[in-house]
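Spelled out from the first residue to the last, the chains are:
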Amino acid sequence: MSNAEIGLIGLGTMGSNLALNIAEKGNRIAVFNRSPDKTDAFMAAAGNLKGHLLPGKTLEEFIASIRPPRPVILMVNAGAPVDEQIVVLRKLMASDDIIIDAGNANFRDTMRRFKELEGSGLTYIGMGVSGGEEGARHGPSIMVGGSPESYARVEKVLTAIAARYNDEPCCAWLGPNGAGHFVKTIHNGIEYADMQMIAEIYGVLRDGVGLAPKAIGEVFAKWNKGKLNSYLIEITAAVLKADDPKTGKPMVDVIVDSAGQKGTGRWSVIESQMMGIPATAIEAAVAARSLSAMRAERAIAENLYAKLNKARSLGDPNSLIDKLEHALFAGKIAAYAQGFAVLEAASKEFSWNLPMSTIARIWRAGCIIRSQFLDTIATAYEENNGLASLLVAPAFVTMMQAATPALRHIVARGAQDALPLPALSSALSYFDSYRQACGTANLIQAQRDYFGAHGFERLDSPGEFHGPWGGIQ
Ligand code: 6PG
């Protein structure tokens, strides 16, 4: 019975929720999971959506239950499992069928898969999906990479399941081949920076001001009503107010301070470095997660340097809390400017012609970094064609002028009182370097010429020159 409109392989958390979302929008969807127990459990929990779901016992049965040309979504772990699945599907699928990888794939793998499938008759789509479990179930943000023709074939179902912002679906075709997965990777890089900066502010409120988790949660809840309004601030407030059912202590106080990472943050930094685009706040956030994982070493070092500890004096908590809000906002602007600059560079490097304002628009709802602020970014790109950086858009100049003094104050106090602020301080340094017409690289050039005769340009005449370093070279 081949009457499903679409199929989905991989009934993990994201896959199950996406399948239910697709079913709820009135589509018949075939589902398959390598271990049949998972399929049974999924069906048992599907409630009144069961009628829209066609579980396959075998991959052959699954494929046969989809109406050709078949769109099949893969929601399996990124990496080798995707390649293995494609090998098997190639044998079962027919010309014109579409494989849609909706996992957190490395865009370089996606580019390779596009090449490998060229001439096979099969169509490939690399699709970034953001929003976690809730998003997958009720409306994620969807970033599509592939040919516009293949997108046109699945657009209806994808826009139906996507989140909505002012009734606009948060789903778009962003460019060919790896574009969708690249944009998702940078989304995650920004997500890392956002989360790290929030954690740094939490650190100041906990260790500098001495507030308890619930009180800090109140601060974040208040900020969520202002310019920092966003999903990540909202959940930070909720997390800080929650208690551990086992001990009754604040939940956050019983969680080990060692953060995991699956790779997308790191990829975003690797790719920005490869293109020579500074994304320092994102780099700092990735490095901070790595350092957080070195727990045993940190404990030893704390003892070794105990003599350096001194009483912290961050002054009047109320005025400090106001400054923290502005500081976080300034840091956030710098981090987003960096992320969007990486997107801009990749757009040129891979000839994707990425639609920057559309990217900002489809991140306004559904995804993890969703916020009001993304609407401001979308407008900046709409109003300023070919914007070199968000930092030069008039609205952002005004916002940075207002917020940077607080960021400077907080970073300075953090340095004085040994409160680590790696992402916020790198955001500030980036901003200060970016707005400095005359920096200090003249000295780097002189050094390079001194030890390696690399040559330099002069301010007063064109061409390449060498310095008067004499015979020392
Ligand atoms: C999203 C998230 C999602 C995933 C992160 C977690 O946009 O929905 O980014 O894709 O939760 O990749 O990544 P880490 O495990 O690296 O923090």
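These numbers were taken from a predicted model, which means no experiment stands behind them. Note that residues are indexed from 1 along each chain, following the sequence as it is written. In keeping with the model being predicted, local features are shown solely for residues with a pLDDT of at least 70 and side-chain atom pairs are shown and tallied solely at 80 or more, while totals for entire chains, interfaces and linings include all residues. Side-chain figures throughout are based on the complete set of non-hydrogen atoms in the structure, without hydrogens or water.

(A) Structural context of the packing of aromatic side chains. Ring pairs shown here join Phe, Tyr and Trp side chains whose ring centres sit within 6.5 Å, with only the six-membered ring taken for Trp; geometry is labelled stacked below 30 degrees between planes, edge-to-face above 60, and tilted in between. Counted by the stated rule, this structure contains 16 aromatic pairs. Ring geometry for Tyr336 versus Phe373: centroids 5.1 Å apart, planes at 80°, classification edge-to-face. Of this pair, Tyr336 sits in helix H14 (residues 317–349) while Phe373 sits in helix H16 (residues 373–383); the two residues are 37 residues apart in sequence, bridging distant segments of the chain. Per-residue accessibility, obtained with a 1.4 Å probe over protein chains only, is compared with the maximum for each type, and a residue is labelled buried under 20%, exposed over 50%, and partly exposed between these values. With a relative accessible area of 1%, Tyr336 lands in the buried category. Secondary structure follows DSSP: runs of H or I at least 4 residues long count as helices, runs of E at least 2 residues long count as strands, and numbering of each begins at the N terminus.

(B) Representation of helix H1 (residues 13–24). The length a helix should cover is 1.5 Å for every residue beyond the first. Here H1 is twelve residues long and its end C-alpha atoms lie 17 Å apart, about the 16 Å a rise of 1.5 Å per residue gives. Among all positions in H1, only Gly15, Ser16, Asn17, Leu18, Ala19, Leu20, Asn21, Ile22 and Ala23 are buried. Phi turns positive, to about 90°, at Gly26, one or two residues after H1.

(C) View of the sheet that holds strand S2 (residues 29–32). Across the sheet, which stays open at both edges, the eight strands sit in the order S3-S2-S1-S4-S5-S6-S7-S10 with mixed pairing between neighbours. The open sheet has two edge strands with one neighbour each: strand S3 (53–55) and strand S10 (171–175). Strand after strand, the sheet turns through a mean of 25° between neighbouring axes, direction not considered. Pairing analysis gives four bridges linking strand S5 (residues 98–101) to strand S6 (residues 123–130), with the strands arranged parallel. Residue Ile100 lies in a different strand from S6, and its bridge partner there is Ile125. Two strands pair if DSSP finds at least two bridges between them. Interaxial angle, 0 to 180 degrees, is taken between N-to-C directions of lines fitted to C-alpha atoms, where a helix line uses only the stretch in contact.

(D) Inspection of empty space enclosed by the protein at higher detail. Throughout, the protein atoms alone are placed on a 1 Å grid, and a set of points is a cavity if a 1.4 Å probe fits but cannot get out or a pocket if it is open with protein on both sides within 12 Å along at least five of seven lines; lining residues have an atom within 4 Å of a point. Grid points are joined across faces, edges and corners, and a volume is the space filled by probe spheres set on the points. On inspection of all chains with the given rule, the structure shows one cavity of 30 Å³ or more. Its volume calculated, the largest cavity comes out at about 70 Å³. Lining the largest cavity are Asp194, Ile198, Leu228, Ser230, Leu232, Ile233, Leu328, Lys332, Tyr336, Ile368 and Ile369. Looking at the lining of the largest cavity, the elements with two or more residues in it are helix H8 (179–208), helix H10 (231–241) and H14. If one sorts the elements of the lining of the largest cavity by residue count, H14 sits on top with three residues. Think of it as three bins: nonpolar holds Ala, Val, Leu, Ile, Met, Phe, Trp, Tyr, Cys and Pro, charged holds Asp, Glu, Lys and Arg, and polar takes everything else, Gly as well. Along the lines of polarity and charge, the residues of the lining of the largest cavity split into eight nonpolar, one polar and two charged.

(E) Focus on the pairing of strand S1 (residues 6–9). Covered by surrounding structure in S1 are Ile6 and Leu8 together with Gly7 and Ile9, the residues of both alternating faces. In the sheet, S1 pairs with S2 via four bridges, with the strands oriented parallel. From the neighbouring strand, Gly7 faces S2, where its bridge partner is Ala30. A clockwise course of the path from the first strand over the helix to the second, judged with the strands pointing away from the viewer, identifies a crossover as right-handed. Running through H1, the crossover from S1 to the neighbouring parallel element S2 is right-handed. In this structure, S1 lies alongside strand S4 (residues 71–74), joined through three bridges in parallel fashion. Opposite Gly7, over in S4, you have Val72 as the bridge partner.

(F) Structural detail: the pattern of salt bridges. The working definition used for a salt bridge is a side-chain nitrogen of Lys or Arg within 4 Å of a carboxyl oxygen of Asp or Glu. Tallied over the entire structure, the rule returns 25 salt bridges. In this structure, Lys332 and Asp194 form a salt bridge, with 3.5 Å as the shortest nitrogen-oxygen distance. Residue Lys332 is found in helix H14, and its partner Asp194 is found in helix H8; the two are separated by 138 residues along the sequence. The exposure class assigned to Asp194 is buried, which follows from its relative accessible area of 6%. Between Glu218 and Lys241 there is a salt bridge; the shortest N-O distance is 3.9 Å. Taken together, the positions of Glu218 in helix H9 (residues 213–223) and Lys241 in helix H10 put the pair 23 residues apart, joining distant regions of the chain. The partly exposed category is assigned to Lys241, whose relative accessible area is 32%. Through salt bridges with shared partners, one network takes in Asp83, Asp101, Asp109, Arg112, Arg113 and Glu116.

(G) Molecular detail of the layout of surface pockets. When its volume is computed, the largest pocket comes out at roughly 2100 Å³. Lining the largest pocket are 43 residues, with Ala199, Tyr202, Arg206, Asp257 and Arg298 positioned closest to its centre. Elements represented by at least two residues in the lining of the largest pocket include exactly H8, H10, helix H12 (280–292) and helix H13 (295–304). Broken down by element, the lining of the largest pocket gets its largest block of residues, ten residues, from H8. Looking at the lining of the largest pocket residue by residue, the classes come out as 24 nonpolar, eight polar and eleven charged. Taken together, 43 residues form the lining of the second largest pocket, with Met14, Val76, Asn77, Asn104 and Lys262 sitting closest to its centre. Take the lining of the second largest pocket: its biggest share by element is five residues, from H8. In terms of residue class, the lining of the second largest pocket is made up of 18 nonpolar, 17 polar and eight charged.

(H) Main features of the nonpolar core. Counting 94 residues, the largest nonpolar core has Phe220, Phe340, Leu343, Trp363, Ile377 and Leu390 as its most contacted members. Of all the elements, H14 adds the most residues to this core, at 17 residues. Start and end positions for the domains come from either an automated domain assignment or a database one. Each of domain 1 (6–177) and domain 2 (185–434) contributes no fewer than three residues to this core. Whether two residues touch is decided by their heavy atoms; if any such pair falls within 4.5 Å, the residues are in contact. Those residues in contact with Phe340, other than ones at most four positions away along the chain, are Ile190, Met356, Ile359, Ala360, Trp363, Leu374, Ile377, Tyr381 and Leu390. Grouped together as the second largest cluster of nonpolar side chains are 33 residues, Ile22, Ile29, Leu53 and Ile73 included. Side-chain atoms within 4.5 Å are what join buried Ala, Val, Leu, Ile, Met, Phe, Trp, Tyr and Cys residues into a set we call a nonpolar core.

(I) The domain arrangement of the protein, seen in detail. If you check the domain split of the protein, you get domain 1 (6–177), domain 2 (185–434) and domain 3 (445–473). When each unit is reduced to the centre of its C-alpha atoms, the spacing between domain 2 and domain 3 is 40 Å.

(J) Layout of the site of the ligand. If a single non-hydrogen atom of a residue is within 4 Å of a molecule or strand, that residue counts as near it. Neighbouring residues of the ligand: 14 residues in total, closest Ser130, Lys184, Glu191, Tyr192 and Arg289. Lys184 places a polar side-chain atom, nitrogen or oxygen, 2.7 Å from an oxygen atom of the ligand. Between the ligand and Glu191, the relevant distance is 2.7 Å, taken from an oxygen atom to a side-chain nitrogen or oxygen of the residue. Each accessible area is a Shrake-Rupley estimate made with a 1.4 Å probe; only the visible protein chains count as cover when residues are assessed. Here the ligand, which alone exposes 410 Å², has 81% of that area covered by the protein. At five residues, the largest contribution of residues to the shell around the ligand is made by H8. Looking at the shell around the ligand, you find at least three residues from each of domain 1 (6–177) and domain 2 (185–434). Here a polar contact is taken to be a pair of N or O atoms separated by no more than 3.5 Å, where protein atoms must pair a possible hydrogen donor with a possible acceptor and residues adjacent in sequence count only if both atoms sit in side chains.

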